[in-house]
Amino acid sequence: MTLDGLESLLTDVAARRRSKAVHLVRYADDFLVISSSKRLLRSHVQPRIEEFLKARGMRLATEKTRITHLKQGVEFLGCHLCWTRGALRITPARANLQHVLQNIAATIQANPGASPTRLIQVLTPIIRGWTQYYKHLESRELFLELDRQAAQQLWKWAKDQHSGLLKRYRARQYFLPDPGGLRRFTDHEGHTLYGARETPYVRYSPIDPACNPYDAQWAQYLKQRQADRKQEQASVDEAYQTTNEKIS
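**Here's the deal with unusual backbone geometry**
Reasoning step 1: With a phi close to 55°, L77 is a non-glycine residue in the positive phi region.
Reasoning step 2: Note on placement: L77 falls in the loop between β3 (74-76) and β4 (79-84).
Reasoning step 3: Backbone geometry places R85, a non-glycine residue, at a positive phi of 55°.
Reasoning step 4: Looking at the element boundaries, R85 is found in the loop between β4 and β5 (87-92).

As structure tokens, this is what we get:
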């Protein structure tokens, strides 16, 4: 709530300078300001933001504050923003992909003697949760990479469950062919591991910048927004269930 009003302040700055719009993206106390003018950002926007914060007993975090061109790429809230080929691309940050892969590897290593069913139970929430966060972005390429590397880790686990000349043959029993060209990890009961590539793209609906969850007049707006998100999630779950049934 302390930063409410920052967007209207920046709109006013752009209007006074007769410049192109200044755009603000904010989540709690993290925010990103975008403009086509570096001079405007340095000479007018940043000083006004510093005044805005000072009046509220706050200041910009020096280690997190910088002015850069979008062609060089910007990391924000686990997303990578980059202006390339005349358009803005927003994808998951690669560091976050490596983090979830490390989490998957650590989970597999922590369950060396687990059954395939147990692995599916503990890995599916990790993969599903990560992809749900990024379903609004251009994520397909990294989703496929996540599935490929997760399958490689599970292939190693499957081979370690057996010994002898037939261990590769027996390890293949844990995998089913998938229409996408990859193999899907499965158990003997037909349960399959959730694939990141199954997560459909969903266009993000920005929240009204004036919305305040502590103000009663926004209660209906937030209630409807929550209902829409639940319906969206139900559609995703239904699509996953249908795909899972077809494969198994």
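**Examining a positive patch on the surface**
Reasoning step 1: On the surface, K167, R168, R172 and R183 cluster together to form a positively charged patch.
Reasoning step 2: Looking at the positive patch, the element that brings in the most residues is helix α6 (residues 167-172), giving 3 residues.
Reasoning step 3: Relative to the helices and strands, R168 resides in helix α6.
Reasoning step 4: Since its relative accessible area comes to 42%, R168 is described here as partly exposed.

**Thoughts on the pairing of strand β2 (residues 30-34)**
Reasoning step 1: The pairing of strand β1 (residues 23-27) with β2 spans 5 bridges and is classified as antiparallel. Pairing of V25 across the sheet is with L32, part of β2.
Reasoning step 2: The turn linking β1 back onto β2 is made up of 2 residues, and A28 within it adopts a positive phi angle of 55°.

**Focus on the environment of R94**
Reasoning step 1: Here R94 lies in helix α3 (residues 94-109).
Reasoning step 2: Apart from residues lying up to four places away in sequence, R94 is in contact with E141, L142 and E145.
Reasoning step 3: For R94, the side chain forms a polar contact with the side chain of E145, separated by 3.1 Å.

**Digging into the pattern of salt bridges**
Reasoning step 1: Here the structure, examined in full by the defined rule, presents 7 salt bridges.
Reasoning step 2: Where R48 meets E51, a salt bridge forms, and the shortest distance between an N and an O atom there is 3.9 Å. Residue R48 and its partner E51 are both found in helix α2 (residues 38-54); the two are separated by 3 residues, about one turn of the helix.
Reasoning step 3: Across the salt bridge formed by R197 and D147, the nearest N and O atoms sit 2.7 Å from each other. With R197 in the loop between β7 (183-185) and α7 (219-247) and D147 in helix α5 (residues 140-160), this pair connects stretches of sequence that are 50 residues apart.

**Details of helix α4 (residues 116-133)**
Reasoning step 1: Here α4 spans 26 Å end to end across 18 residues, near enough to the 26 Å set by a 1.5 Å rise per residue.
Reasoning step 2: The axis of α4 is deflected most strongly, by about 30°, at L123, and proline P125 appears within four residues downstream.
Reasoning step 3: Three or more residues of α4 are buried, namely P116, L119, I120, V122, L123, T124, I126, I127, R128, W130, T131 and Q132.

**Re the packing of aromatic side chains**
Reasoning step 1: Under the definition given, this model contains 9 aromatic pairs.
Reasoning step 2: Cluster of aromatic residues (ring-pair linked, three or more members): W155, W157, Y174, F175 and F185.
Reasoning step 3: The positively charged end of R56 is found above the aromatic ring belonging to F52, 3.6 Å away from the centroid.
Reasoning step 4: In this structure, R128 is placed above the aromatic ring of Y194, and the distance from its NZ or CZ to the ring centre is 4.6 Å.

**Considerations on the pairing of β5**
Reasoning step 1: In this structure, β4 lies alongside β5, joined through 6 bridges in antiparallel fashion. If you follow C79 over to β5, its bridge partner there is P92.

**Here we look at the side chain of T91**
Reasoning step 1: Relative to the assigned elements, T91 resides in strand β5.
Reasoning step 2: Since its relative accessible area comes to 13%, T91 is described here as buried.
Reasoning step 3: If near-sequence neighbours (up to four positions away) are discounted, T91 is found in contact with C79, H80, L137 and E138.

**Some words on the confidence of the model for the protein**
Reasoning step 1: When the pLDDT values of the protein are averaged, the result is 88; 93% of them are 70 or greater.
Reasoning step 2: By mean pLDDT, the top-scoring element of the protein is α3 (96), and the lowest-scoring one is α7 (75).

**Description of the packing of α3 against α4**
Reasoning step 1: The contact between α3 and α4 brings their axes to 10 Å, and the two run at 170°. By the criterion of interaxial angle, the relationship of α3 to α4 is roughly antiparallel. From α3, N96, L97, V100, N103, I104, T107 and I108 reach across to α4, where they touch L119, V122, L123, I126, I127 and W130.
Reasoning step 2: Of the residues in the contact of α3 with α4, the class split is 10 nonpolar, 3 polar and no charged.

Criteria and cut-off values
Residues numbered from 1 in each chain as written. Predicted model: local features only at pLDDT ≥ 70, side-chain atom pairs only at ≥ 80, totals over all residues. Heavy atoms only, no water. Helix = DSSP H or I, 4+ residues; strand = E, 2+ residues; numbered from the N terminus. Patch = residues over 30% accessible without salt bridge, like charges linked within 9 Å, V, L, I, M, F, W, Y side chains within 5 Å. Areas by Shrake-Rupley, 256 points an atom, 1.4 Å probe, with all protein chains shown as cover. Salt bridge = Lys/Arg side-chain N within 4 Å of Asp/Glu carboxyl O. Lys, Arg positive; Asp, Glu negative; His and termini not counted. Charge placed at Lys NZ, Arg CZ, Asp CG, Glu CD. Buried < 20%, exposed > 50% of the residue type's maximum accessible area, 1.4 Å probe, protein only. Pairing = 2+ DSSP bridges. Contact = heavy atoms within 4.5 Å. Polar contact = N/O pair within 3.5 Å; in protein donor to acceptor, adjacent residues only side chain to side chain. Expected span 1.5 Å × (residues − 1). Bend = angle between axes of the 7 residues up to and from the residue. Phe/Tyr/Trp six-rings, centres within 6.5 Å; stacked < 30°, edge-to-face > 60°. Lys NZ or Arg CZ within 6 Å of the ring centre and 35° of its normal. pLDDT = per-residue confidence, 0-100. Axes fitted to C-alpha atoms, helices over the stretch in contact; angles between N-to-C directions. Parallel < 35°, antiparallel > 145°, perpendicular 65-115°, else oblique. Nonpolar A, V, L, I, M, F, W, Y, C, P; charged D, E, K, R; others polar.

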